[in-house]
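Residue-level structural notes
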Amino acid sequence: MRSDRPSSGGDATGKGLEWPRAGEQALASDGRSAATEPAIPITGHSGASRSIWETFWLTALQIFMTFLALSFLTPTFWMISSSLKVSTEVFAHPIVWLPKDPHWNNYVKAFMLLPLTTFIVNTLIIVFFAVLGTVISSALVAYSFARIRWPGRNFWFGLLLATMMLPDVVTLVPRFLIFKNLRWIDTWLPLIVPYWGGIGAIYVFLMRQFFLGIPMELEDAAEIDGANRIRVLLQILLPLSKPVIATVAVFALLQHYNDFMNPLIYINSMDKWPLALGIRAYNDSYAKNWEVVFAASTVMLTPMVAIFIVAQRYFVQGIAMTGFGGR
Amino acid sequence: MAVIAALAGKHRITKRQIRDWIAGYLFASPFIIGFSVFIAFPMLYSVYLIFVDWDLLRPPSFVGFANLAQMFKDPKVNLSLYNSAFYTLFAVPIQLVISFLLALALTQKIRFRDFYRAGFYMPIIVPLVASAVVWQRVLHPEFGILNEALGWFGIAPRMWLFEPQLTKPAFIFMSFWMIGRQMVIFIAGLGNIPDSLKEAASLDGAGAVGRLRYVILPLMTPLIFYNMVIAIINSFQTFVPAMIITEGGPQDATLFVVLNIYRNAFQYFNMGYASALAWELFVIVVGFTLAQFYLSNRWVYYEERS
């Protein structure tokens, strides 16, 4: 299916670890082809032979970047390794970087101390419905903005863009009061329903840009009248839009998996908590047992790492593309 | 507007057009409804809330400008504004410099670039709560890895999260860990600079520094601007680390604006007062953003497009 979209940045399958190269128009919707130059050296030209000075500078940079990248990875690595330590190793001087004997029992403990399984299931349900709502609603709205002419379209699109600059905090209190009136407090509805309203401006914007890059002829061929538009969207546009759907889904997933403030405000009962609240409970109740807190945190991190490895091009392309704003 | 023109008979409205209008509104209806219910109405509602005193137990009572008057002289409010401004003022520019330098370095002819990129990006996928939990311990005076690492260079251990003067710098340092997004945007932007421009500059005798100064930096200003606007909006809304790591302490050194709003709304149940504080933040953030757009004409280079 992807062969007819040469500009969307290569093959999605089988290259899980590929990053968009510098020079590649990530997730391009304007049909330009990807450049091939892999690096943008600020020193020297491509093709010119390297001087001693340049070799020295690149070697120094190489060493420095290795050191820096390792330091960026250290906190995460330390968390995972400490989740397998016995407490004497956690509180040892000098620091024990690798546990002598991986102590998997910490994970068993984490699952016993608090209902971690419940937190996981709750998170899955909340995130699934919130992401589903985001994808469906932003596809519908983006289709309207990209493909249909209707009076007021520019006005509503402008409003959509304006909401990007809106700090969420302004609606925090009134939203709480609205949901309280609806008796939605201590249910998952406040964490799911708003996202079926296409109010994630960045998602609608991403999809609209992508739709605009798909040639109209395909749809013109399928004769359009009102009743057929759903079919056009489902059978023509969406199958061509898998990369952008994946990007939106991955971003929304990250957003809802991460969300801490909304669950904190809306969910009181522990049996309805998502992981974000659960991890805080470990941190509060078992503050002295670092290895257990780290084990629970590692449980929360693991799915993200898995998704990142499988879908990292969508993370990266989405960021790169939103960075381009109106292009 | 098209409707009026059409109704006035200047254009004949076809059946097709009407069907389009209906379809347009129907497809956009999730946003039209969602915006009205979850954004527009709450914003209007919170304007009303500014003028009431409401603890959710008794019915709201009208207090006029009392909330606003109190807001301007409340020392906690001023402190939270100072804390957020301090944090933003130092965190954002340094974040931008670091992420730009990383992006530049990652577009040089060095090996393992994919590994480096993944390494710098990795912190973004660590859930915020988990990263707060980890950093609370990274910064631990006795068993944290930061003091351990500083010890290798002969630097004495510090009480990062327990000394009021050190907590905000520690939070700023922590924010440098999460610059993967900005870096990726810069990398993509660097890739879009045409080689012909850099070659032309070289032919004119520009060295590496000259190319950076006169070609790369000017062309990157739109992305620097974009990253700056987003970073300021985000850093004014810092909440999770302050809530989890320090709970605003020590001595309110990390009482940031959003944490203060959260407390007033959901711990002290002053719905009216919290709404006033939220609007204050809104005015500040939007003001900053507009000011940046206004000033951007002076330094952001926009390519003319044909």
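Let us look at the structure shown here. Keep in mind the model is a prediction, meaning the values are calculated, not measured.

A word on the packing of helix 4 (residues 116–147) of chain A against helix 2 (residues 15–50) of chain B. Packing of helix 4 of chain A against helix 2 of chain B brings their axes to within 7 Å, and their N-to-C directions diverge by 140 degrees. Between helix 4 of chain A and helix 2 of chain B, the angle falls in the class oblique. In this structure, the crossing between helix 4 of chain A and helix 2 of chain B has a hand that is left-handed. Contacts from A:Ser137, A:Leu140, A:Val141, A:Tyr143, A:Ser144 and A:Phe145 of helix 4 of chain A reach helix 2 of chain B at B:Gly24, B:Phe27, B:Ala28, B:Pro30 and B:Phe31. A class-by-class count of the residues in the contact of helix 4 of chain A with helix 2 of chain B yields eight nonpolar, three polar and no charged.

Right, let's talk about the interface of chain A and chain B for a bit. Across the contact, 87 residues belong to chain A and 93 residues belong to chain B. Going through the elements one at a time, helix 1 (52–82), helix 4, helix 5 (153–163), helix 6 (172–181), helix 11 (242–258), helix 12 (261–266), helix 13 (275–285) and helix 14 (290–323) of chain A are the ones with two or more residues in the side of chain A that touches chain B. Its residues placed into classes, the side of chain A that touches chain B shows 60 nonpolar, 18 polar and nine charged.

A word on the packing of helix 8 (residues 201–212) of chain A against helix 11 of chain A. All names here are of chain A. It is at 10 Å that the axes of helix 8 and helix 11 come closest, and there the two elements cross at 170 degrees. Between helix 8 and helix 11, the crossing angle belongs to the class labelled roughly antiparallel. Residues Tyr203, Leu206, Met207 and Phe210 of helix 8 pack against Val244, Thr247, Val248, Phe251 and Ala252 of helix 11. Of the residues belonging to the contact of helix 8 with helix 11, the class tally is eight nonpolar, one polar and no charged.

Attention now goes to unusual backbone geometry. Negative phi characterises most residues that are not glycine, and trans characterises most peptide bonds. Residues and elements named next belong to chain B. The peptide bond linking Gly249 to Pro250 adopts the cis configuration, its omega dihedral lying at -10 degrees. Checked against the element boundaries, Pro250 lands in the loop between helix 12 (240–246) and helix 13 (257–266). You will see that Asp252, though not glycine, has its phi angle at about 60 degrees, which is positive. With respect to the helices and strands, Asp252 occurs in the loop between helix 12 and helix 13. We classify Asp252 as partly exposed; it has 18 C-beta atoms within 10 Å.

Thresholds applied
- Residues numbered from 1 in each chain as written.
- Chains lettered and ligands numbered in written order.
- Predicted model: local features only at pLDDT ≥ 70, side-chain atom pairs only at ≥ 80, totals over all residues.
- Axes fitted to C-alpha atoms, helices over the stretch in contact; angles between N-to-C directions.
- Helix = DSSP H or I, 4+ residues; strand = E, 2+ residues; numbered from the N terminus.
- Parallel < 35°, antiparallel > 145°, perpendicular 65-115°, else oblique.
- Left-handed = near helix turned anticlockwise from the far one by under 90°.
- Contact = placed C-beta atoms within 7 Å.
- Nonpolar A, V, L, I, M, F, W, Y, C, P; charged D, E, K, R; others polar.
- Buried ≥ 20, exposed ≤ 12 C-beta atoms within 10 Å, placed from the backbone.

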